[in-house]
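# Geometric and topological summary
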Amino acid sequence: MKRLPIPDDVTGEEIDADVRQELQSLPKGLAEDVSRNLVMVARLIDEDPEGAYAYSKIALRLASRVAAVREAAGFAAYANQKYSEALAEFRAARRMTGNVDLWPVMADCERGLGRPEKALDMAGAPEVHKLDKAGQVEMRLVAAGARRDIGQLDAAIVTLQSPELASNSVQPWTARLRYAYADALLAAGREDEAREWFAKAVESDKDGSTDASDRLAELDGVEFVDALVEDEDEVAPEAEAEDEAEDESETATDAEADTDPDTDPDTEVETEVDDEDDIVEAERAKPVVEADDDDEAPRG
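What this report covers is the structure whose coordinates are included nearby. (Residues numbered from 1 in each chain as written. Predicted model: local features only at pLDDT ≥ 70, side-chain atom pairs only at ≥ 80, totals over all residues. Heavy atoms only, no water.)

### What to know about the overall build of the chain
Across its full length, the chain carries 15 helices and zero strands. For the chain, with 300 residues in total, the buried portion stands at 34%. Within the chain, contacts between residues at least 6 apart in sequence are counted, and of these 53% link residues at least 24 apart. For the chain, the accessible area works out to roughly 19300 Å², and carbon and sulfur atoms hold 47% of it. (Helix = DSSP H or I, 4+ residues; strand = E, 2+ residues; numbered from the N terminus. Buried < 20%, exposed > 50% of the residue type's maximum accessible area, 1.4 Å probe, protein only. Contact = heavy atoms within 4.5 Å. Areas by Shrake-Rupley, 256 points an atom, 1.4 Å probe, with all protein chains shown as cover.)

### Quick look at a negative patch on the surface
On the surface, a cluster of negative charge is made up of Asp16, Asp18, Glu22, Glu71, Asp101 and Asp132. Note on placement: Asp18 falls in helix α1 (residues 17-23). Residue Asp18 is classed as exposed on the basis of its relative accessible area, which comes to 63%. (Patch = residues over 30% accessible without salt bridge, like charges linked within 9 Å, V, L, I, M, F, W, Y side chains within 5 Å. Salt bridge = Lys/Arg side-chain N within 4 Å of Asp/Glu carboxyl O. Lys, Arg positive; Asp, Glu negative; His and termini not counted. Charge placed at Lys NZ, Arg CZ, Asp CG, Glu CD.)

### Comments concerning the packing of aromatic side chains
One pass over the structure, following the stated rule, counts four aromatic pairs. Ring geometry for Tyr179 against Phe198: centres 5.5 Å apart, planes inclined by 70°, an arrangement best described as edge-to-face. Taken together, the positions of Tyr179 in helix α11 (residues 174-187) and Phe198 in helix α12 (residues 191-204) put the pair 19 residues apart, joining distant regions of the chain. When sorted by exposure, Tyr179 lands in the same class as Phe198, which is buried. A centroid spacing of 5.1 Å and a plane angle of 90° characterise the contact between Tyr181 and Trp197, whose relative ring orientation is edge-to-face. Of the two residues, Tyr181 sits in helix α11 while Trp197 sits in helix α12, which places them 16 residues apart along the sequence. (Phe/Tyr/Trp six-rings, centres within 6.5 Å; stacked < 30°, edge-to-face > 60°.)

### A few points about the side chain of Glu164
Of note, Glu164 is situated in helix α10 (residues 163-166). Polar side-chain contacts of Glu164 include one of 3.2 Å to the side chain of Ser162. Leaving out residues up to four positions away in the same chain, Glu164 has contacts with Lys133, Val137, Arg140, Trp173 and Leu177. (Polar contact = N/O pair within 3.5 Å; in protein donor to acceptor, adjacent residues only side chain to side chain.)

### A word on the side chain of Arg36
Within the secondary structure, Arg36 is located in helix α2 (residues 28-44). Although Arg36 is buried, it forms no salt bridge, and the closest oppositely charged side chain is Asp8 at an N-O distance of 5.0 Å. Each residue touching Arg36, except ones within four places of it in the same chain, is listed here: Ile6, Pro7, Asp8, Val10, Thr11 and Gly12.

### Some remarks on the pattern of salt bridges
For the coordinates displayed, the defined rule picks out 17 salt bridges. Notably, a salt bridge pairs Arg43 with Asp9, separated by 3.3 Å at the nearest N-O pair. You can see Arg43 sitting in helix α2 and its partner Asp9 sitting in the segment before α1, a full 34 residues away along the chain. Residue Arg43 is classed as partly exposed on the basis of its relative accessible area, which comes to 41%. One salt bridge in this structure joins Arg195 and Asp220, with 2.7 Å as the shortest N-O distance. Pair noted here: Arg195 is in helix α12 and Asp220 is in the loop between α13 (212-219) and α14 (227-259), with a separation of 25 residues, a long-range link. The class of Asp220 is partly exposed, set by a relative accessible area of 40%. Salt bridges sharing common partners tie together Arg91, Glu110 and Arg115.

### Regarding helix α7 (residues 116-123)
Pro116, Ala119, Leu120 and Met122 are the residues of α7 that are buried. Projection of α7 onto a plane perpendicular to its axis shows the buried side chains occupying an angular sector of 160°, all on one side. In this structure, the buried side of α7 is in contact with α6 (103-112) and α8 (133-149). (Arc of directions from axis to C-beta.)

### Some details on the packing of α8 against α11
Between α8 and α11, whose axes approach to 11 Å, the crossing angle comes to 15°. One way to sum up the angle between α8 and α11 is to call them roughly parallel. Considering the relative orientation of α8 and α11, their crossing is left-handed. Contact residues: α8 offers Val137, Glu138, Leu141 and Arg148, while α11 offers Arg176, Leu177, Ala180, Asp183, Ala184 and Ala187. A breakdown of the residues in the contact of α8 with α11 according to their chemical character gives six nonpolar, no polar and four charged. (Axes fitted to C-alpha atoms, helices over the stretch in contact; angles between N-to-C directions. Parallel < 35°, antiparallel > 145°, perpendicular 65-115°, else oblique. Left-handed = near helix turned anticlockwise from the far one by under 90°. Nonpolar A, V, L, I, M, F, W, Y, C, P; charged D, E, K, R; others polar.)

Here it is in structure tokens:
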């Protein structure tokens, strides 16, 4: 596999200190190459997941025995909905490190593979108790999603009801948790409650990680109109009026041409004929004068 271009400003030092620590087991030049590819994965994974996936495959080829590389490859595959591949990479990273941080995303891969029951089994496993608060909230979100996958809307709503949801403090997970709860309420037909929680999600979503504001506007009946389309609609009648004016002007010109004797060939011919008739009539009206003998021209 050929290497992909990497901008000069990417040095590899941008990665987390823990990852740099892992890469120290590699020769210096190789560690630098791997770290620069990992930086590209992190840069592109949101805006260009396919590009991130390509860089992750290069890093994986260079250092497949580094847990951080397997984890990055897993997230790149996950972003491209390659759930089977992502799950394999996450499992490999977990075997290498022994930690459970990837447990929620592994469960979500099971959902992506059409196995929500497996995800629910993982949600009830002992590993969940070893997760930090953020990991536990993430696991709750995955479990609620699995409940919805199998049509258990009420159970999904109950799953999301937690101290973290009721808390007024804003944490990194707050917006997503409130959004998921609002979405579940709306799916269950509880529109008034859904609107309330979408509004709360908007309040906590400072970085726009959800489309809660759009969902709230939709519930309120607010319709956003594209300014460009609106401008086109405004210009169109004016252009149409101009076209009509031009058509009327052309029609008037044609009508004038039809009645102008100076420009109509038929009128010109008729005018010439009338003039000739007048001359003939004038000649006829002259008195006839007979020539006298004296006036007769001499004959030669």
